[in-house]
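# Understanding the architecture of this molecule
As a plain string of letters, each chain reads:
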Amino acid sequence: MTLQLQQQAGHGTAADPSMDDLVRARRPGSARRFAGARARGAARWALALLIVAAGLHRADSPSPKAESADLANTPPAPLHWTTALKRERPQDRDRLWLDNGEERVGVVLETTLELRTAYGVLTLETRRLAGLDLAAGTGGLDVVWTVNSNRLSGLLTHPSFALDEASGRPSIVRRETVHRIRFRRRAAELEGLPQGHWLRLRNGDWLSGRVLADPLPLTGSGGARSVALADLARLVMRDEKSPERECTVALHNGARWEATLELEDIPIRLDVGPQLTLYGGWVAALGANPTAIDPQARTAPTGPIPRAQPPPPPHPEALAGLVWIPPGRAWLGSPNDESGRDQDEGPVTEAIFPDGFWIGRCEVTQAEYKAVMGVNPSIFTGDPTRPVEKVSWREAVEYCARLTQQARAAGRLSEGYAYRLPTEAEWEYACRAGSTTRFAHGDDPDYGALGEYAWYMENSKSSTHPVGAKRPNDWGLFDLHGNVWEWCLDRWESGWPGGTIANTPVAASGALRVARGGSWLYDGRASRSANRDDYSPTNRCSDVGFRVVLAR
């Protein structure tokens, strides 16, 4: 039903795109945030009051020494996911989305779910779960988010879900038909949850719990020593292939040294209940909090970003409107402390681009699209320099294929070169232009400068605008923040894999595709460099367009 309504909405007018947008608001995975804006505002005020209260408490403390003793004896409050799958968690009933686009609303009656992970079989209480993304994770694994911000990936063994839809008799929903579940918020759902140390695994999972090997046995240049977990700020493993388990150790007092972890397995009791024994080679980092073990989230990636000269062009005319992006490396995703981040933006992952590529200086315009495809599907017509929208992923791919055929027929394109959509890694690499901040122009915490670079909800007047009208990023690219969302080549994954990856264009598969950059319809945080969204490849929306890449 959702898909059918979206396709019908394509016949709307510029004056009334509301049907299209209302339907999108119900689409699973949408980054829609309007419904929770008031609740988030209240939450921010509450947080501000808590911070002020904490400051007053510190001012009244008898002495710094006494304060330190009190803090040492007071466990920190667990982190809390009040959102799941990019939207506020409901207060009343659970929401299930099926692969056919249908939404089911009710109460999931299962009290526990079993998740088979690479590191053990976990029995999880559903009252401790914030959301499920089924068969959408890296490698086709299910992804589970807990209320205290853990991320777990594996295979759910439950064959079905019993759903009480207030009809008097529970419905049985087969697990194979369910795409996502967003669990309702419960009163005091963090009650009884401690806050242990945090572990970041190499597969992208995050776990919190009480590490049972305390103190940790280490060997450094000064010989063997043990480190109490209470003194440990972070321990970061250096190389997953190193049999010596070499690591960098940092303490709360500022001490830091290189060492070897003399522990092959790490036992941990998760804050959400189960006890595990983790093979040390699976652990990327261990620390007192998530921010401490985010991989270099606020520093430039290893090595400089080269500004290499492009290879000989296929033909000068083939490069019209394109910008050369050199080989290099970049951090993708956002650190845990980035304001406005979503769960699908981590873990921070280093991407290597061994080959450069050309990318569109601007989003594809309505004039450019019509010249190749013969039609203009856009709602916001009247100026052909506006970005084309109402274009599905499949139509964007077809545009690139036809553009390649036309260029080759005209002798403008050398053998081996082709136009295509950017991979998601290429898109973020080009968007960041060497930055590691929330936006290419900086963190911009109050969005004071965003209007100079982007058309978004606050300044768009509910419409697209001609491309290239705002300021470009440092690599000369326009509208990567705002105006229209931009299709990427990749299938949707529920997060980055962590570690280091190479940019490898692959044929997309699965039910969803990636879109990046935010749009005229969304608020400022949707335009952040790390923000991600997912759509069906058949979706045609009034704020989704694309730009092209030319590469071999």
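### Overview of the overall build of the protein chain
When you go through the protein chain residue by residue, the secondary structure sums to 7 helices and 33 strands. Considering only intrachain contacts with a sequence separation of at least 6, the fraction spanning at least 24 residues in the protein chain is 68%. Accessible surface, the protein chain as shown: approximately 23800 Å² in total, 54% of it carbon and sulfur.

### Quick look at the packing of aromatic side chains
Applying the stated criterion across every chain yields a total of 15 aromatic pairs. With 5.5 Å between their ring centres and 10 degrees between their planes, Tyr369 and Tyr399 make a pair best called stacked. Of this pair, Tyr369 sits in helix 5 (residues 366-373) while Tyr399 sits in helix 6 (residues 393-409), placing them 30 residues apart in sequence. An aromatic cluster of three or more residues is present, and its members are Phe353, Phe357, Tyr429 and Trp475.

### Observations concerning the sheet that holds strand 27 (residues 418-420)
The strands that make up a sheet pair up through hydrogen bonds in the backbone, lying either parallel or antiparallel. If you trace the 4 strands from one edge of the open sheet to the other, you get 23-26-33-27, paired in antiparallel fashion. Of all the strands in the sheet, the pair left with one neighbour each is strand 23 (322-325) and strand 27. Strand-to-strand twist of the sheet, defined as the mean angle between neighbouring strand axes without regard to direction, takes the value 30 degrees. Along the sheet face, helix 7 (residues 424-432) touches strand 23, strand 26 (357-360), strand 27 and strand 33 (549-551) and points at about 75 degrees away from the line of strand 26.

### Some points on helix 6
Between the first and last C-alpha of helix 6 there are 25 Å, a value that for 17 residues agrees with the 24 Å anticipated at 1.5 Å per step. For helix 6, the complete set of buried residues consists of Trp393, Ala396, Tyr399, Cys400, Leu403, Thr404 and Ala407. An end-on view of helix 6 places all buried positions within 130 degrees of arc, on one side of the element. What points out from helix 6, more than 90 degrees from its buried face, is the exposed set Arg394, Gln405 and Ala409. Where the residues of helix 6 are buried, they touch helix 5, strand 27, strand 28 (485-491) and strand 30 (513-516).

### Quick look at the pairing of strand 24 (residues 328-332)
The element strand 24 is extensively covered by neighbouring structure, given that 4 of its 5 residues are classed as buried. Examined bridge by bridge, strand 24 and strand 25 (residues 349-353) share 5 bridges and lie antiparallel to one another. Within the sheet, the bridge partner assigned to Arg329 lies in strand 25 and is Ile352.

### Points about helix 7
Among the 9 residues in helix 7, 9 count as buried, and that is most of the element. Trailing helix 7 by a residue or two, Ala433 shows a phi angle of about 50 degrees, which is positive.

### Describing the pairing of strand 11 (residues 171-174)
Alternating positions in strand 11 separate cleanly, Ser171 and Val173 being buried on one face and Ile172 and Arg174 remaining unburied on the opposite face. As paired strands, strand 10 (residues 160-164) and strand 11 are joined by 4 bridges and run antiparallel to one another. Within the sheet, the bridge partner assigned to Ala162 lies in strand 11 and is Ile172. Here strand 10 folds back onto strand 11 in antiparallel fashion, the turn holding 6 residues, of which Ala166 has a positive phi close to 60 degrees.

### Considerations on the nonpolar core
Leu132, Leu199, Leu218, Leu232, Leu235, Val249 and Leu278 are the most contacted members of the largest nonpolar core, which has 49 residues in total. When neighbours within four sequence positions are excluded, Leu218 is seen to be in contact with Gly223, Ala224, Arg225, Val227, Leu235, Cys247, Val249, Trp257, Ala259, Thr260, Leu261 and Glu262. Counting residues in hydrophobic clusters, the runner-up holds 37 residues, among them Trp324, Val391, Tyr399 and Leu413.

### Re the sheet that holds strand 31 (residues 532-535)
Reading across the sheet, the 4 strands line up as 31-30-28-32 and stay open at both edges, with mixed pairing between neighbours. The open sheet has two edge strands with one neighbour each: strand 31 and strand 32 (544-545). Of the pairings in the sheet, the one linking strand 28 to strand 32 comprises 2 bridges and is parallel in character. For Glu486, the partnering residue across the bridge sits in strand 32 and is Gly545.

### A look at the environment of Trp358
Here Trp358 is to be found in strand 26. Owing to a relative accessible area of 5%, Trp358 belongs among the buried residues under this scheme. Along the sequence, Trp358 and Tyr419 sit 61 residues apart, while their C-alpha atoms lie 9.3 Å from each other.

### Looking at the pattern of salt bridges
This model, assessed by the stated rule, comprises 25 salt bridges. The shortest N-O distance in the salt bridge between Arg420 and Glu426 comes to 2.9 Å. When its relative accessible area of 16% is taken as the criterion, Arg420 is described as buried. Among the salt bridges present, the one from Arg547 reaches Glu486, with a minimum N-O distance of 2.8 Å. Of this pair, Arg547 sits in the loop between strand 32 and strand 33 while Glu486 sits in strand 28, and the two are 61 residues apart along the sequence. Given the relative accessible area of 1%, Glu486 is considered buried. Sharing partners across several salt bridges, the network here consists of Glu424, Glu428, Arg432, Arg516 and Arg532.

### Regarding the environment of Trp198
Relative to the helices and strands, Trp198 is located in strand 13 (residues 197-201). The exposure class assigned to Trp198 is buried, which follows from its relative accessible area of 2%.

### Concerning the packing of helix 5 against helix 6
Across the interface, helix 5 lies against helix 6 with an axial gap of 9 Å and an inter-helix angle of 65 degrees. Relative to helix 6, helix 5 is oriented roughly perpendicular. Crossing of helix 5 against helix 6: the hand is left-handed. In this structure, helix 5 uses Glu368, Tyr369, Val372 and Met373 to contact helix 6, whose residues at the interface are Glu395, Glu398, Tyr399, Arg402, Leu403 and Gln406.

So, how was this worked out
Residues numbered from 1 in each chain as written. Predicted model: local features only at pLDDT ≥ 70, side-chain atom pairs only at ≥ 80, totals over all residues. Heavy atoms only, no water. Helix = DSSP H or I, 4+ residues; strand = E, 2+ residues; numbered from the N terminus. Contact = heavy atoms within 4.5 Å. Areas by Shrake-Rupley, 256 points an atom, 1.4 Å probe, with all protein chains shown as cover. Phe/Tyr/Trp six-rings, centres within 6.5 Å; stacked < 30°, edge-to-face > 60°. Pairing = 2+ DSSP bridges. Axes fitted to C-alpha atoms, helices over the stretch in contact; angles between N-to-C directions. Expected span 1.5 Å × (residues − 1). Buried < 20%, exposed > 50% of the residue type's maximum accessible area, 1.4 Å probe, protein only. Arc of directions from axis to C-beta. Core = buried A, V, L, I, M, F, W, Y, C linked by side-chain atoms within 4.5 Å. Salt bridge = Lys/Arg side-chain N within 4 Å of Asp/Glu carboxyl O. Parallel < 35°, antiparallel > 145°, perpendicular 65-115°, else oblique. Left-handed = near helix turned anticlockwise from the far one by under 90°.

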